[in-house]
Amino acid sequence: MFKRILQVLMTGLLLVTPVAVATSATQQGVQAATATSAPQVDASAAIAIDPQSGQVLYEKNADQVLPIASMTKMITAYIVLDQIKQGKLKWDQTTKPDAAIYKLSQDKELTNVPLQADKAYSVRELYQAMLIASANDAAMMLANLVAGSQKNFVDLMRQQVSQWGIKDAKLYSVSGLNNQYLTGETYPGSAADAENEMSASEVAIVAQHLLKTFPEVLETTKQTAFTFGPKTIDETKMATWNLMLPGQNNAPKDYVVDGLKTGTTDKAGDCFTGTATKDGQRILTVVMHANGSDKGRRFIETNKVMQYVFDNWQQTQLVKKGATIKPFATADVKYGRTKTVALETPQAIAMWVPKGTQVANVDWDYQVVQGGQKRQLTAPVKKAAVIGKVIPKIVGVTNRYLGTTPQYTVQTKTADPKANVFVLIGTGVREFFTNLF
């Protein structure tokens, strides 16, 4: 008898030990992949995310509030596009610069488009000038047209970012310029040198909403040049500031950048919110106050982040639509025609994982909707009854999302009505005697 017990114990150890070792090795492999290859980004802050889910793929000081310069114009662009969507603004609608904007437009040290005091300009050409050439006067004209004043538009900006859950934003101008350049058009009560500030993670949230709600913005931001006021006295050829676009000096070789927005002031330094695709997968990055002596330093540091993500991470489908998540394959049913009912997820589940990660190495956080942690239901059970919600988590790395962490439904695959009366009586009798003894 003793030999038999010892044999069983030894067999159990042989079965358990390799699994434990394999799991440990997998976890260490994931940790090594993310820790040893993470880039040394020479900037005050940086972040990379999946723009669809908000999953964070890289970050450095991402929650530190810093000046954002002309990356501000992404908020302005969002509001303009939203106004057009609502029918409150039209692309061919025109507007003239007021005295303050005209004066600012004549400042050759700032990024502007040439304006005439008595000429009307269309929303479309001002929008293009703002996003492609980062024209400050164009952004200010759009703001006046939408809200009637710079102050009112800044109020709209503050309300918008608040709706996105952004709490640390300090917004004073529609363009990102420091107050000292705004020729008196400063926000009431703001300091003489006030400048817009947000964290890299908050800028990423702005860009994420812009891309998800108005993906057509990329048709503008991917342009390397355009002509302002063609065939008029204002005709001016203007070039993009985004030198990572195809054909530009800092264009990458193995992925494609098609946006989004640069930013530069004395306080902010060189900043860039970028988005790129490779093999059909899109990422979004923010780099703030890039260091170094190279004129393309913000793009050099952005390339480090983008290259790291594309080299080390990949978007992977964990579960197909209508498939079973192994840890939550079934639920027990009391008083049903069957003892268990199969569970499924009604949507495909995907996330970015370090390359080489096995699906089996993904953990799941389970949140109960009904049936408790053990998923014990009472008949009748309807088809597609939601049992719980799951959140996938990668073992060995930080799992962080901007905004709301995505949750996925676990539901019954089939219905299970109550058993017939004779089965119920038999079940009741068995329960009675089980409880009795």
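1. Let's talk about the overall build of the protein
Now for step 1: For the protein, the count of helices and strands is 10 helices and 19 strands.
Now for step 2: Every one of the 437 residues in the protein was classed for burial, and the buried ones make up 48%.
Now for step 3: When contacts within the protein are restricted to residue pairs at least 6 apart in sequence, long-range pairs at least 24 apart make up 68% of them.
Now for step 4: If you sum the accessible surface of the protein, you get close to 21,300 Å²; carbon and sulfur atoms cover 52% of it.

2. Comments concerning the sheet that holds strand β19 (residues 408–412)
Now for step 1: Across the sheet, which stays open at both edges, the six strands sit in the order β16-β18-β19-β14-β13-β17 with mixed pairing between neighbours. At either end of the open sheet lies a strand with only one pairing partner, and these are β16 (362–368) and β17 (376–378). Recorded for the sheet is a direction-independent mean angle of 35 degrees between the axes of neighbouring strands.
Now for step 2: Summarising the sheet, strand β18 (residues 386–394) and β19 pair through four bridges and their orientation is antiparallel.

3. Regarding unusual backbone geometry
Now for step 1: With an omega of 15 degrees, the peptide bond running from Gly259 to Leu260 counts as cis.
Now for step 2: With respect to the secondary-structure elements, Leu260 resides in strand β9 (residues 256–265).
Now for step 3: Here the residue pair Ala379 and Pro380 is connected by a cis peptide bond, since its omega of 5 degrees sits within 30 degrees of zero.
Now for step 4: Along the polypeptide, Pro380 turns up in the loop between β17 and β18.
Now for step 5: One non-glycine residue, Asn61, lies in the positive phi region at around 50 degrees.
Now for step 6: Tracing the backbone through its elements, the reader meets Asn61 in the loop between β2 (56–60) and β3 (65–67).
Now for step 7: Owing to a relative accessible area of 43%, Asn61 belongs among the partly exposed residues under this scheme.

4. Here's the deal with the confidence of the model for the protein
Now for step 1: Of all residues in the protein, 87% have pLDDT values of 70 or greater, and the mean over the chain is 89.
Now for step 2: With pLDDT under 50 throughout, residues 1–36 is counted as low confidence; its partners more than four residues away or in other chains account for 17 contacts.

5. Here we look at the sheet that holds β2
Now for step 1: If you walk across this open sheet you meet the five strands as β2-β1-β11-β10-β9, and the pairing is antiparallel. Looking at strand neighbours, the two that pair on one side only are β2 and β9, the edges of this open sheet. With direction set aside, neighbouring strand axes in the sheet form an average angle of 10 degrees.
Now for step 2: As paired elements, β9 and strand β10 (residues 269–278) share nine bridges and run antiparallel to each other. When the bridges of β10 are listed, Val257 appears paired with Ala276.

6. Examining the side chain of Thr302
Now for step 1: Here Thr302 lies in helix α9 (residues 297–312).
Now for step 2: When sequence neighbours within four positions are dropped, the list of residues in contact with Thr302 reads Met244, Phe272, Thr285 and Val287.

7. Concerning the pairing of strand β13 (residues 330–334)
Now for step 1: The side-chain alternation of β13 yields one buried face, formed by Ala331 and Val333, and one unburied face, formed by Thr330, Asp332 and Lys334.
Now for step 2: Across three bridges, β13 lies against strand β14 (residues 340–344) in antiparallel orientation. Bridging from a neighbouring strand, Asp332 pairs with Thr340 of β14.
Now for step 3: Hairpin geometry of β13 and β14 is characterised by an intervening segment of five residues between the two adjacent antiparallel strands and by a positive phi of about 65 degrees at Tyr335.

8. Some points on the packing of helix α5 (residues 136–147) against helix α6 (residues 150–163)
When two helices pack together, their arrangement is given by the angle between the helix axes and by the axis-to-axis distance.
Now for step 1: Two elements in contact, α5 and α6, have axes separated by 8 Å at closest approach and are oriented at 85 degrees. Put simply, α5 runs roughly perpendicular to α6. Each of Met140, Ala143, Asn144, Val146 and Ala147 in α5 lies in contact with α6, whose residues at this interface are Gln150, Asn152, Phe153 and Leu156.
Now for step 2: Here the contact of α5 with α6 is composed, by residue class, of six nonpolar, three polar and no charged.

9. Here we look at the packing of helix α4 (residues 123–132) against α5
Now for step 1: Here α4 crosses α5 at 135 degrees, and the two axes come no closer than 8 Å. With respect to α5, the axis of α4 lies oblique. The way α4 lies across α5 gives a crossing that is left-handed. The segment α4 lies against α5, with Val123, Leu126, Tyr127, Ala129 and Met130 engaging Ala138, Ala139, Met141, Leu142 and Leu145.
Now for step 2: Of the residues that constitute the contact of α4 with α5, the class distribution is 10 nonpolar, no polar and no charged.

10. Let's talk about the nonpolar core
Now for step 1: By size, the foremost hydrophobic cluster in this structure holds 74 residues, and its most contacted members are Ile47, Tyr127, Val217, Leu260 and Met288.
Now for step 2: Judged by nonpolar contacts, the second largest core, of 47 residues, contains Leu245, Phe310, Val333 and Tyr408.

11. Describing the side chain of Asp234
Now for step 1: With respect to the helices, strands and loops of the structure, Asp234 is situated in the loop between β7 (225–228) and β8 (236–239).
Now for step 2: Here Asp234 falls in the buried class, since its relative accessible area comes to 6%.
Now for step 3: Setting aside its immediate chain neighbours within four residues, Asp234 contacts Pro114, Gln116, Lys119, Tyr121, Phe228 and Gly229.

12. Remarks on α6
Now for step 1: In this model α6 runs 20 Å from its N-terminal to its C-terminal C-alpha over 14 residues, within 8% of the 20 Å that 1.5 Å per residue would give.
Now for step 2: Three or more residues of α6 are buried, namely Gln150, Phe153, Val154, Asp155, Met157, Gln160 and Val161.
Now for step 3: Tucked into the core, α6 has its buried residues touching α2 (73–85), α3 (99–105), α5 and α7 (200–213).
Now for step 4: Directly beyond the C-terminal end of α6, a positive phi value near 85 degrees is found at Gly165.

Definitions and cut-offs
- Every chain's residues receive numbers from 1 upward, in the order its sequence appears when written.
- Residue-level local features of this predicted model are given only where pLDDT is at least 70; pairs of side-chain atoms are given and counted only at 80 or more, and the full residue set underlies all totals for whole chains, interfaces and linings.
- The basis for every side-chain value is the complete set of non-hydrogen atoms in the structure, without hydrogens or water.
- Counting from the N terminus, the helices are the DSSP runs of H or I reaching at least four residues and the strands are the DSSP runs of E reaching at least two.
- Note on classification: 1.4 Å probe, protein chains only; a residue is buried when its accessible area is under 20% of the maximum for its type, exposed when over 50%, partly exposed between these limits.
- Whether two residues are in contact is decided by their heavy atoms, any of which lying within 4.5 Å being enough.
- Note on areas: Shrake-Rupley with a 1.4 Å probe; residue coverage comes only from the protein chains shown.
- For two strands to pair, DSSP has to find at least two bridges joining them.
- Note on method: axes are straight lines fitted to C-alpha atoms, helices fitted across the in-contact stretch only, with angles between N-to-C directions ranging 0 to 180 degrees.
- Across the chain, each position has a pLDDT score giving the predictor's confidence in that residue, from 0 to 100.
- Angle categories: roughly parallel below 35 degrees, roughly antiparallel above 145, roughly perpendicular from 65 to 115, and oblique for all the rest.
- Any residue that is not Ala, Val, Leu, Ile, Met, Phe, Trp, Tyr, Cys, Pro, Asp, Glu, Lys or Arg is counted as polar, Gly included; the first ten are nonpolar and the last four charged.
- Handedness of each helix crossing follows the sense of rotation of the near helix against the far helix: counterclockwise by less than a right angle gives left-handed, clockwise gives right-handed.
- Nonpolar cores were defined as sets of buried Ala, Val, Leu, Ile, Met, Phe, Trp, Tyr and Cys residues, with membership established by side-chain atoms within 4.5 Å.
- Given a helix with a known number of residues, its expected span is that number minus one, times 1.5 Å.

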